[in-house]
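# Summary of structural features
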Amino acid sequence: MLFRPAKIRTNRFINEPLLDYAPGSKERKELEGVLEKYNNQVADIPIVVGDKEIKDGKELFQVSPHDHQHKVAKYRHASKDIIKQAIESNLKARKEWERTPIEKRADIFLKAADLMAGKYRADLLATTMIGQSKNIWQAEIDAACELIDFLRFNITFSRLVTEYQPISPDKGIKNSSVYRGMEGFWAAVTPFNFTAIGGHLPSAPAMMGNVALWKPSDTAMLSNYTVFKIYREAGLPAGVINFVPADGPTFGDTVVSSPDLAGINFTGSVKTFKHLWKQVANNLDNFRSYPRMIGECGGKNFHFIHPSADVESVVNGTIRGAFEFNGQKCSATSRMYVPESLWPKIKDGLLSIHKEIKTGSPLQKENFVTAVIDDKAFARIESYLNHAKNSPNTTILAGGTCDQSEGYFVQPTIIQTTDPNDKLMKEEIFGPVLTMYIYPDNKCMETADLVTKTSPFALTGSIFVKDQKAREVLIDKFRENAGNFYINDKSTGSVVAQQPFGGTRMSGTNEKAGGPHYLLKFVSVQAVKETSVPLSAWKYPSMEE
Ligand SMILES: NC(=O)c1ccc[n+]([C@@H]2O[C@H](COP(=O)([O-])OP(=O)(O)OC[C@H]3O[C@@H](n4cnc5c(N)ncnc54)[C@H](O)[C@@H]3O)[C@@H](O)[C@H]2O)c1
Ligand SMILES: N[C@@H](CCC=O)C(=O)O
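Residues numbered from 1 in each chain as written. Chains lettered and ligands numbered in written order. Predicted model: local features only at pLDDT ≥ 70, side-chain atom pairs only at ≥ 80, totals over all residues.

### Comments concerning the pairing of strand β20 (residues 460-464)
Definition in use: Exposure in this text rests on C-beta crowding, where 20 or more other C-beta atoms within 10 Å of a residue's own make it buried, 12 or fewer make it exposed, and counts in between make it partly exposed. The C-beta atoms are placed from the backbone. Helix and strand labels come from DSSP, where a helix needs a run of H or I of at least four residues and a strand needs a run of E of at least two; each type is numbered from the N terminus. DSSP-based pairing: two strands are paired if at least 2 bridges between them are found.
Extensive coverage of β20 is indicated by the burial of five of its five residues. Burial of the side chains of β20 extends over both faces: Thr460, Ser462 and Phe464 are buried on one face and Gly461 and Ile463 on the other. Relative to β20, strand β12 (residues 301-305) runs parallel, the two being bridged by four bridges. Bridge assignment links Phe304 to a residue of β20, and that residue is Ile463.

### What about the UniProt feature "domain: Aldehyde dehydrogenase" (unreviewed entry) in the protein chain?
The condition is simple: UniProt positions are given in the numbering used here, feature names are shortened, and annotations may be inferred rather than shown by experiment.
In this structure's numbering, the residues bearing the UniProt feature "domain: Aldehyde dehydrogenase" (unreviewed entry) are residues 59-528. Segment residues 59-528 splits into 41% helix and 21% strand. End C-alpha atoms: 52 Å apart.

### Some points on the pairing of β12
Threshold: Whether a crossover is right-handed comes down to one check: with the strands pointing away from the viewer, does the path from the first strand over the helix to the second run clockwise; if it does, it is right-handed.
By the criterion of burial, β12 is predominantly enclosed, with five of the five residues buried. The side-chain alternation of β12 yields two buried faces, one formed by Asn301, His303 and Ile305 and the other by Phe302 and Phe304. As defined by bridge partners, β12 adjoins strand β13 (residues 333-339) across four bridges and the pair is classed as parallel. Across the sheet, Phe304 pairs through a bridge with Tyr337, a residue of β13. With helix α10 (residues 311-323) bridging β12 and the parallel β13, this β-α-β connection has right-handed handedness.

### What about the site of ligand 1?
Note the following rule: We call a residue near a molecule or strand if the C-beta atom, set from the backbone, is within 6 Å of it. Gly is put with the polar residues, along with every residue not named as nonpolar or charged; the nonpolar set is Ala, Val, Leu, Ile, Met, Phe, Trp, Tyr, Cys and Pro, and the charged set is Asp, Glu, Lys and Arg.
Residues in contact with ligand 1 amount to 30 residues; listed here are only the nearest, Gly248, Gly252, Gly268, Gly298 and Cys330. Looking at the shell around ligand 1, the elements that each hand over two or more residues are α8 (248-256) and α9 (270-282). Broken down by element, the residue count for the shell around ligand 1 peaks at four residues, all from α8. In the shell around ligand 1, the residues fall into 13 nonpolar, 14 polar and three charged.

### Considerations on the site of ligand 2
The environment of ligand 2 is made up of Asn193, Phe194, Lys329, Cys330, Ser331, Thr492, Gly493, Ser494 and Phe501. Class assignment of the residues belonging to the shell around ligand 2 gives a composition of three nonpolar, five polar and one charged.

### Points about the environment of Val227
Put simply, the rule reads: Contact between two residues is assigned whenever their backbone-derived C-beta positions fall within 7 Å.
Tracing the backbone through its elements, the reader meets Val227 in helix α7 (residues 221-233). Spatially, the C-alpha atoms of Val227 and Val211 are 17 Å apart, while their sequence positions differ by 16 residues. Residue contacts for Val227: discarding those within four places in its chain leaves Leu147, Thr195, Gly198 and Gly199.

### A short note on the nonpolar core
Most often, soluble globular proteins keep nonpolar side chains buried together rather than apart. The following threshold applies: What makes a nonpolar core is a set of buried Ala, Val, Leu, Ile, Met, Phe, Trp, Tyr and Cys residues, with links drawn between C-beta atoms within 7 Å. For every domain, the bounds stem from an assignment made automatically or drawn from a database.
In this structure, Leu125 and Leu213 are the most contacted members of the largest nonpolar core, which totals 150 residues. Both domains that furnish three or more residues to this core are identified here as domain 1 (26-297 + 508-529) and domain 2 (301-487). Ignoring anything within four residues of it in the chain, the contact list for Leu125 reads Leu31, Ile136, Ala139, Glu140, Ala143 and Ala144.

### Remarks on unusual backbone geometry
One non-glycine residue with positive phi stands out, namely Ala497, at about 70 degrees. By the secondary structure assignment, Ala497 is in the loop between β21 (484-487) and β22 (504-505). On the basis of neighbour count, Ala497 is assigned to the partly exposed category, with 19 C-beta atoms found within 10 Å. Residue Lys512 is not a glycine yet carries a positive backbone phi of 65 degrees. Mapped onto the elements, Lys512 comes out in the loop between β22 and α15 (517-520).

### Notes on the UniProt feature "active site" (unreviewed entry) in the protein chain
Listed under "active site" (unreviewed entry) in the UniProt record, and renumbered for this structure, are Glu296. Note that Glu296 resides in strand β11 (residues 292-296). Excluding residues that lie within four positions of it along the chain, Glu296 makes contacts with Thr267, Gly502, Gly508 and Ala513.

### A closer look at the sheet that holds β13
The condition is simple: Each axis is a line fitted through C-alpha atoms, and for a helix only the stretch in contact is used; angles between axes span 0 to 180 degrees, taken between their N-to-C directions.
In space, the seven strands of this open sheet follow the order β14-β17-β18-β13-β12-β20-β21, with mixed pairing throughout. Since the sheet does not close on itself, it has two edges, and those belong to β14 (394-398) and β21, each with one partner. Each strand of the sheet is rotated relative to its neighbour by a mean of 20 degrees, with strand direction disregarded. Helix α11 (residues 343-356) contacts β13, β14, β17 (413-417) and β18 (433-439) of the sheet and is inclined by roughly 55 degrees relative to β14.

### Section: the packing of helix α3 (residues 102-117) against α7
Using the following cut-off: Note that the term roughly parallel is reserved for angles under 35 degrees, roughly antiparallel for angles over 145, roughly perpendicular for angles of 65 to 115, and oblique for everything else. Each crossing gets its hand from how the near helix is turned against the far one by less than a right angle, where anticlockwise is left-handed and clockwise is right-handed.
Interhelical geometry of α3 versus α7 gives an angle of 130 degrees and a closest axis separation of 8 Å. On the basis of their axis angle, the class for α3 and α7 is oblique. For the pair α3 and α7, the sense of crossing is right-handed. Facing α3, whose interface residues are Ala112, Leu115 and Met116, α7 presents Ile230, Tyr231 and Glu233.

Written out as structure tokens, the structure reads:
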């Protein structure tokens, strides 16, 4: 039979509940034991091609961002030759995997999700805490709950996107759609900041019958390898996903020179995505099919405060939005527009919470802000702090210092600018730096217009407003400025299946990860028409005597 509808129940899942990790709780004790294990070892991470574990090449190290003398993991970069072997291995695995019924593929990822929710939850948290410097709560949201949700809800979504069958109004003709994986292989290029995104980018195409090369980020190696091993333990056949740590440009150059590239599933910076897209465009004549490009990139996310806003929501939402995970979220709040009338109260609120925020190791429960990912991120953020210190238009209201003697620590920083077009209001900083512009209340709508034109991004944005008429006007004004738009809530914290995620303009191709439409990108539909009555005439009725 050409088409057999998938027998997957929809709506059977709920979002994975967060555990509390209260001191003395069962999960806290287990996590502490696992943290100790990883703190006392340097994991040795291989390149995995099919069933082969490869440890060739120069040894490189992932370090703890909050303690950069602490080596967390040893790994090597795959050479061009090994990347080519990985592509061959993908292509060898493809035929059988693509023809495996979708329920069977789904069962493997469901098992992986269950292993993540139970047996390996503490491992996922510990490797994300030590390797990427997330505190317990942030690691629980990312490495456990979000990844588990991606895997489980993609099962539901795979059913939704493959259930349409065409109509067959003519007797003797059966029309059907066959939902195929794509020819060739996908390259999944993943960022450091979410373990969940690392695990999602290769698994989503695989769920839909594709094969993928997973190039993890050097600074998320340990957590990402932990995820990969869980996929294999759950029954993912060798070669369906190959784990290929590599130098970015070497990886990019090698995959785009293969005629079998089916697509690139990328999350990371605009610069890298544009580079990859240009490389694909330059190689168009060499590909068997047109590679599909998915890019989820950066943002310059705003909080726009209307004079009718609830000040407490603004203050709490902004602290969370700007400083959770040190502003290293694509959705982090990094520019804010406040009316003069509310500024004294909002300023007091922000500055008094700022005094309470502690910065330090993610392993100590009191620390809300931890270390930024590496020396390059530290230098980039420091250069923005220096700009704020030296510019006549800006005043640092809180924070503004940084120190990399032990770990890459940047104090959460609040800046006020009198120039709404200052680079602090335009460029992605990807650190704990929030800049605000105070506007006269009678220039509210003009200021909103300015927000829409200030930056090339359109990822997330929030309005805080109680006045209903103003609410409608602002919703309309910001229609094109945020792929994820919030009303009276912070600009971060999207949840799988609740707020499918992605931005437009330079923020990305907006495929909406965590929603059903995302999976369509990995499907190549074959339309089949089968006729069961003999074809008895060639003339049109109009030609008959
Ligand atoms: N929109 C979203 O959903 C989303 C989510 C998370 C992060 N981000 C964005 O990601 C960025 C931070 O992540 P990052 O610092 O890891 O980004 P990055 O662009 O530096 O790296 C992303 C990945 O690309 C690889 N890479 C670098 N050069 C390459 C090349 N020439 N060819 C192939 N691969 C190459 C890196 O090794 C890494 O694995 C921020 O801009 C952030 O906003 C976006
Ligand atoms: N899902 C995340 C964004 C991921 C980007 O880094 C959020 O909405 O906070």
